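# Architecture at a glance
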Amino acid sequence: MKRNTKKGQSHKEVLRFCGFALPSTFIWTTVVLIPFIYGIIITFTDWNGLAQNLHFVGLENYRAVLSDVSFQDSFFKTVKYVFFTVIGSNLLLALALTDGIKWQKIFRTGFFTPNVIGGIILGYIWNFIFSYALTGLGKQFGISWLSKSWLTSPNTALAALIIVSIWQLSGYLMVLYIAGLTNVPSELIEAAKIDGANDQQVIRNVKIPLIRNSVTICIFLAIARTFMSFDINLSLTSGGPYKSTELIAYKIYQTAFGSMKFGAGQAEAVVLFLIVATVSLLQVYFTRRGGEH
(Lines give C-alpha, C1' and ligand atoms only; values in the text may rest on other atoms or scores of the structure.)
Protein backbone atom coordinates (compact mmCIF):
# COMPACT_ATOMS: atom_id res chain seq x y z
CA MET A 1 0.00 0.00 0.00
CA LYS A 2 2.80 2.40 0.89
CA ARG A 3 4.58 1.67 -2.41
CA ASN A 4 1.37 2.30 -4.36
CA THR A 5 0.84 5.52 -2.43
CA LYS A 6 4.39 6.68 -3.19
CA LYS A 7 3.97 5.79 -6.87
CA GLY A 8 0.72 7.71 -7.01
CA GLN A 9 2.35 10.75 -5.42
CA SER A 10 5.32 10.57 -7.79
CA HIS A 11 2.97 10.36 -10.80
CA LYS A 12 1.08 13.39 -9.54
CA GLU A 13 4.35 15.30 -9.12
CA VAL A 14 5.39 14.37 -12.66
CA LEU A 15 2.02 15.48 -14.04
CA ARG A 16 2.21 18.72 -12.03
CA PHE A 17 5.71 19.37 -13.33
CA CYS A 18 4.63 18.68 -16.92
CA GLY A 19 1.66 20.97 -16.50
CA PHE A 20 3.96 23.85 -15.65
CA ALA A 21 7.00 23.00 -17.82
CA LEU A 22 5.53 21.67 -21.07
CA PRO A 23 3.59 24.80 -22.19
CA SER A 24 6.57 27.11 -21.71
CA THR A 25 8.94 24.52 -23.25
CA PHE A 26 6.63 24.17 -26.26
CA ILE A 27 6.42 27.94 -26.74
CA TRP A 28 10.20 28.36 -26.39
CA THR A 29 10.83 25.52 -28.85
CA THR A 30 8.43 26.81 -31.51
CA VAL A 31 9.23 30.53 -31.13
CA VAL A 32 12.97 30.42 -30.41
CA LEU A 33 14.68 27.08 -31.00
CA ILE A 34 13.12 25.98 -34.30
CA PRO A 35 13.44 29.43 -35.98
CA PHE A 36 17.05 29.63 -34.74
CA ILE A 37 17.94 26.25 -36.26
CA TYR A 38 16.06 27.11 -39.46
CA GLY A 39 17.95 30.41 -39.63
CA ILE A 40 21.27 28.56 -39.35
CA ILE A 41 20.22 26.29 -42.24
CA ILE A 42 19.29 29.32 -44.38
CA THR A 43 22.83 30.69 -44.06
CA PHE A 44 24.05 27.80 -46.20
CA THR A 45 21.58 28.59 -49.01
CA ASP A 46 20.94 31.36 -51.56
CA TRP A 47 17.27 31.72 -50.56
CA ASN A 48 15.71 35.02 -51.64
CA GLY A 49 12.67 34.84 -49.36
CA LEU A 50 10.28 33.81 -52.15
CA ALA A 51 11.69 30.70 -53.82
CA GLN A 52 10.15 27.39 -52.74
CA ASN A 53 13.37 25.44 -53.26
CA LEU A 54 16.59 25.99 -51.30
CA HIS A 55 19.92 25.74 -53.13
CA PHE A 56 22.82 25.00 -50.81
CA VAL A 57 25.93 27.10 -51.37
CA GLY A 58 28.03 25.90 -48.44
CA LEU A 59 30.03 28.59 -46.64
CA GLU A 60 29.75 31.07 -49.51
CA ASN A 61 27.50 33.45 -47.56
CA TYR A 62 29.94 33.57 -44.65
CA ARG A 63 32.84 34.23 -47.01
CA ALA A 64 30.83 37.00 -48.65
CA VAL A 65 29.99 38.56 -45.28
CA LEU A 66 33.58 38.57 -44.03
CA SER A 67 34.85 40.09 -47.31
CA ASP A 68 31.97 42.58 -47.71
CA VAL A 69 33.36 46.10 -47.39
CA SER A 70 29.94 47.59 -46.59
CA PHE A 71 29.41 45.08 -43.77
CA GLN A 72 32.84 45.89 -42.35
CA ASP A 73 32.04 49.60 -42.59
CA SER A 74 28.74 49.07 -40.74
CA PHE A 75 30.56 47.02 -38.12
CA PHE A 76 33.12 49.75 -37.40
CA LYS A 77 30.36 52.39 -37.30
CA THR A 78 28.54 50.18 -34.78
CA VAL A 79 31.67 49.84 -32.63
CA LYS A 80 32.03 53.63 -32.58
CA TYR A 81 28.35 54.04 -31.77
CA VAL A 82 28.54 51.41 -29.00
CA PHE A 83 31.64 52.99 -27.44
CA PHE A 84 30.23 56.50 -27.09
CA THR A 85 26.74 55.35 -26.12
CA VAL A 86 28.05 53.08 -23.36
CA ILE A 87 30.37 55.79 -22.02
CA GLY A 88 27.62 58.42 -22.07
CA SER A 89 24.84 56.35 -20.52
CA ASN A 90 26.64 54.71 -17.59
CA LEU A 91 26.75 55.75 -13.92
CA LEU A 92 26.83 59.57 -14.10
CA LEU A 93 23.05 60.02 -14.06
CA ALA A 94 22.62 57.59 -11.16
CA LEU A 95 25.31 59.35 -9.13
CA ALA A 96 23.60 62.69 -9.70
CA LEU A 97 20.19 61.35 -8.67
CA THR A 98 21.37 59.65 -5.47
CA ASP A 99 23.07 62.75 -4.09
CA GLY A 100 19.98 64.02 -2.27
CA ILE A 101 19.08 66.77 -4.72
CA LYS A 102 15.64 68.35 -4.59
CA TRP A 103 12.89 66.50 -6.49
CA GLN A 104 15.23 63.61 -7.29
CA LYS A 105 12.34 61.08 -7.37
CA ILE A 106 10.58 63.17 -10.00
CA PHE A 107 13.80 63.39 -12.01
CA ARG A 108 14.25 59.61 -11.76
CA THR A 109 10.77 59.05 -13.15
CA GLY A 110 11.38 61.56 -15.94
CA PHE A 111 14.68 60.04 -16.99
CA PHE A 112 13.28 56.49 -16.91
CA THR A 113 10.28 57.39 -19.10
CA PRO A 114 12.19 57.25 -22.46
CA ASN A 115 13.01 53.61 -21.77
CA VAL A 116 9.29 52.81 -21.57
CA ILE A 117 8.53 54.46 -24.93
CA GLY A 118 9.28 52.31 -27.96
CA GLY A 119 12.38 53.04 -30.01
CA ILE A 120 10.37 53.64 -33.19
CA ILE A 121 8.31 56.38 -31.52
CA LEU A 122 11.41 57.92 -29.93
CA GLY A 123 13.10 58.02 -33.31
CA TYR A 124 10.22 59.90 -34.92
CA ILE A 125 10.01 62.32 -31.97
CA TRP A 126 13.71 63.14 -32.15
CA ASN A 127 13.56 63.32 -35.93
CA PHE A 128 11.06 66.15 -35.50
CA ILE A 129 13.24 67.78 -32.80
CA PHE A 130 16.40 67.71 -34.92
CA SER A 131 14.65 68.67 -38.16
CA TYR A 132 12.32 71.44 -36.92
CA ALA A 133 12.61 72.35 -33.22
CA LEU A 134 16.38 72.73 -32.94
CA THR A 135 16.77 74.27 -36.39
CA GLY A 136 14.05 76.79 -35.52
CA LEU A 137 15.91 77.77 -32.36
CA GLY A 138 19.18 77.98 -34.26
CA LYS A 139 17.73 80.33 -36.85
CA GLN A 140 15.90 82.40 -34.22
CA PHE A 141 18.99 83.00 -32.08
CA GLY A 142 21.62 82.92 -34.83
CA ILE A 143 23.31 79.70 -33.71
CA SER A 144 24.93 78.40 -36.89
CA TRP A 145 25.55 74.80 -35.76
CA LEU A 146 21.84 74.43 -34.91
CA SER A 147 20.46 76.15 -38.00
CA LYS A 148 20.87 73.00 -40.09
CA SER A 149 19.49 69.61 -39.09
CA TRP A 150 22.15 67.24 -37.80
CA LEU A 151 20.36 64.40 -39.60
CA THR A 152 21.18 65.81 -43.04
CA SER A 153 24.97 65.70 -42.69
CA PRO A 154 27.13 62.55 -42.62
CA ASN A 155 29.43 64.35 -40.17
CA THR A 156 26.77 64.87 -37.49
CA ALA A 157 24.07 62.22 -38.11
CA LEU A 158 25.87 59.52 -36.12
CA ALA A 159 26.36 61.96 -33.24
CA ALA A 160 22.61 62.64 -33.26
CA LEU A 161 21.91 58.90 -33.15
CA ILE A 162 24.30 58.51 -30.20
CA ILE A 163 22.63 61.38 -28.29
CA VAL A 164 19.17 59.83 -28.68
CA SER A 165 20.43 56.38 -27.69
CA ILE A 166 22.11 57.79 -24.56
CA TRP A 167 18.88 59.59 -23.70
CA GLN A 168 16.92 56.34 -23.98
CA LEU A 169 19.40 53.96 -22.32
CA SER A 170 20.48 56.14 -19.39
CA GLY A 171 17.18 55.76 -17.52
CA TYR A 172 17.28 51.97 -17.71
CA LEU A 173 20.85 51.77 -16.43
CA MET A 174 20.09 54.44 -13.83
CA VAL A 175 17.62 52.11 -12.10
CA LEU A 176 20.20 49.31 -11.89
CA TYR A 177 22.87 51.64 -10.56
CA ILE A 178 20.53 53.22 -8.00
CA ALA A 179 19.71 49.73 -6.68
CA GLY A 180 23.42 49.25 -6.00
CA LEU A 181 24.17 52.75 -4.72
CA THR A 182 21.34 52.73 -2.18
CA ASN A 183 22.88 49.61 -0.62
CA VAL A 184 26.22 51.33 0.04
CA PRO A 185 26.42 51.76 3.85
CA SER A 186 26.11 55.42 4.81
CA GLU A 187 28.54 54.80 7.67
CA LEU A 188 31.37 54.16 5.21
CA ILE A 189 30.62 57.38 3.33
CA GLU A 190 30.50 59.39 6.55
CA ALA A 191 33.74 57.80 7.77
CA ALA A 192 35.47 58.66 4.50
CA LYS A 193 34.32 62.29 4.73
CA ILE A 194 35.52 62.51 8.35
CA ASP A 195 38.93 61.29 7.15
CA GLY A 196 39.00 64.22 4.72
CA ALA A 197 37.82 62.60 1.48
CA ASN A 198 36.06 64.90 -0.97
CA ASP A 199 33.07 63.87 -3.11
CA GLN A 200 35.20 62.60 -5.99
CA GLN A 201 37.33 60.49 -3.67
CA VAL A 202 34.22 59.05 -2.00
CA ILE A 203 32.84 58.04 -5.41
CA ARG A 204 36.14 56.61 -6.63
CA ASN A 205 37.29 54.83 -3.44
CA VAL A 206 34.04 53.94 -1.67
CA LYS A 207 31.00 53.83 -3.92
CA ILE A 208 32.38 52.37 -7.16
CA PRO A 209 34.31 49.49 -5.48
CA LEU A 210 31.16 48.50 -3.59
CA ILE A 211 28.97 48.46 -6.72
CA ARG A 212 31.47 46.89 -9.12
CA ASN A 213 29.05 44.05 -9.89
CA SER A 214 26.40 46.60 -10.88
CA VAL A 215 28.99 48.42 -13.00
CA THR A 216 29.98 45.18 -14.77
CA ILE A 217 26.37 44.18 -15.44
CA CYS A 218 25.36 47.63 -16.70
CA ILE A 219 28.37 48.01 -19.01
CA PHE A 220 27.88 44.64 -20.67
CA LEU A 221 24.09 45.05 -20.87
CA ALA A 222 24.64 48.40 -22.56
CA ILE A 223 27.14 46.88 -25.01
CA ALA A 224 24.75 44.05 -25.93
CA ARG A 225 21.75 46.37 -26.34
CA THR A 226 23.60 48.91 -28.46
CA PHE A 227 25.09 46.26 -30.74
CA MET A 228 21.52 45.11 -31.47
CA SER A 229 20.14 48.64 -31.89
CA PHE A 230 17.71 48.73 -34.79
CA ASP A 231 14.45 50.58 -34.07
CA ILE A 232 15.97 54.01 -33.38
CA ASN A 233 18.33 53.58 -36.33
CA LEU A 234 15.34 52.83 -38.56
CA SER A 235 13.03 55.66 -37.50
CA LEU A 236 15.59 58.39 -36.82
CA THR A 237 18.00 58.16 -39.77
CA SER A 238 17.15 55.03 -41.82
CA GLY A 239 20.88 54.50 -42.13
CA GLY A 240 21.42 57.83 -43.88
CA PRO A 241 22.57 60.15 -45.09
CA TYR A 242 24.70 58.14 -47.53
CA LYS A 243 24.80 55.14 -45.15
CA SER A 244 26.73 57.18 -42.60
CA THR A 245 24.56 55.78 -39.77
CA GLU A 246 23.92 52.28 -41.11
CA LEU A 247 24.56 50.15 -38.01
CA ILE A 248 25.06 46.41 -38.23
CA ALA A 249 21.47 45.44 -37.31
CA TYR A 250 20.06 47.81 -39.92
CA LYS A 251 22.58 46.46 -42.46
CA ILE A 252 21.23 42.96 -41.83
CA TYR A 253 17.69 44.22 -42.41
CA GLN A 254 18.69 45.90 -45.66
CA THR A 255 20.51 42.82 -46.93
CA ALA A 256 17.62 40.48 -46.18
CA PHE A 257 14.54 42.60 -46.93
CA GLY A 258 15.99 45.33 -49.15
CA SER A 259 18.19 43.20 -51.42
CA MET A 260 16.14 40.00 -50.89
CA LYS A 261 19.29 38.07 -49.96
CA PHE A 262 17.98 36.15 -46.98
CA GLY A 263 20.87 33.68 -46.93
CA ALA A 264 23.49 36.43 -46.77
CA GLY A 265 21.38 38.47 -44.36
CA GLN A 266 20.98 35.50 -42.04
CA ALA A 267 24.75 34.89 -42.17
CA GLU A 268 25.28 38.50 -41.08
CA ALA A 269 22.76 37.92 -38.28
CA VAL A 270 24.73 34.87 -37.11
CA VAL A 271 27.89 37.01 -36.95
CA LEU A 272 26.00 39.57 -34.84
CA PHE A 273 24.67 36.76 -32.63
CA LEU A 274 28.21 35.51 -32.00
CA ILE A 275 29.32 39.03 -31.04
CA VAL A 276 26.46 39.52 -28.60
CA ALA A 277 26.87 35.99 -27.20
CA THR A 278 30.56 36.69 -26.57
CA VAL A 279 29.67 39.91 -24.76
CA SER A 280 27.12 38.03 -22.61
CA LEU A 281 29.61 35.30 -21.72
CA LEU A 282 32.19 37.93 -20.76
CA GLN A 283 29.56 39.58 -18.55
CA VAL A 284 28.91 36.28 -16.73
CA TYR A 285 32.67 35.68 -16.33
CA PHE A 286 33.49 39.12 -14.93
CA THR A 287 30.39 39.13 -12.69
CA ARG A 288 31.37 35.82 -11.11
CA ARG A 289 34.96 36.94 -10.84
CA GLY A 290 33.87 40.14 -9.08
CA GLY A 291 31.67 38.18 -6.70
CA GLU A 292 34.59 35.98 -5.64
CA HIS A 293 36.69 38.94 -4.52
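Here we summarise the structure given alongside this text.

Parameters and conventions
- Residues numbered from 1 in each chain as written.
- Predicted model: local features only at pLDDT ≥ 70, side-chain atom pairs only at ≥ 80, totals over all residues.
- Heavy atoms only, no water.
- Helix = DSSP H or I, 4+ residues; strand = E, 2+ residues; numbered from the N terminus.
- Buried < 20%, exposed > 50% of the residue type's maximum accessible area, 1.4 Å probe, protein only.
- Areas by Shrake-Rupley, 256 points an atom, 1.4 Å probe, with all protein chains shown as cover.
- Lys, Arg positive; Asp, Glu negative; His and termini not counted.
- Charge placed at Lys NZ, Arg CZ, Asp CG, Glu CD.
- Expected span 1.5 Å × (residues − 1).
- Arc of directions from axis to C-beta.
- Contact = heavy atoms within 4.5 Å.
- Salt bridge = Lys/Arg side-chain N within 4 Å of Asp/Glu carboxyl O.
- Axes fitted to C-alpha atoms, helices over the stretch in contact; angles between N-to-C directions.
- Parallel < 35°, antiparallel > 145°, perpendicular 65-115°, else oblique.
- Left-handed = near helix turned anticlockwise from the far one by under 90°.

### Observations regarding the overall build of the protein chain
Regarding its fold elements, the protein chain presents 14 helices and zero strands. The 293 residues of the protein chain split such that 37% are buried. When the accessible surface of the protein chain is totalled, it reaches about 18,000 Å², and 66% of it is carbon and sulfur. Within the protein chain, the 14 negative side-chain charges are centred at a point lying 8 Å from the centre of the 24 positive side-chain charges.

### Observations concerning helix α10 (residues 199-210)
Compared with the 16 Å implied by 1.5 Å per residue over twelve residues, the 16 Å span of α10 between its first and last C-alpha is a close match. Every buried residue belonging to α10 is among Val202, Val206 and Lys207, and all of these are buried. Considered in projection along α10, the buried side chains sweep an arc of 85° and stay on one side of the axis. Buried positions along α10 lie against α4 (92-96), α8 (157-181) and α9 (186-194).

### Section: the pattern of salt bridges
Summed over all chains, the structure comprises four salt bridges. In this structure, Glu60 and Arg63 form a salt bridge, with 3.4 Å as the shortest nitrogen-oxygen distance. In this pair, Glu60 and Arg63 are both assigned in helix α2 (residues 60-67), three residues apart and thus about one turn of the helix distant.

### Digging into the packing of helix α5 (residues 104-116) against α8
Interhelical geometry of α5 versus α8 gives an angle of 125° and a closest axis separation of 6 Å. It follows that α5 is oblique to α8 by the angle criterion. The way α5 lies across α8 gives a crossing that is left-handed. Counting all contacts with α5, which are made through Arg108, Phe111, Phe112, Pro114 and Asn115, the residues of α8 involved are Trp167, Gln168, Gly171, Tyr172, Met174, Val175 and Ile178.

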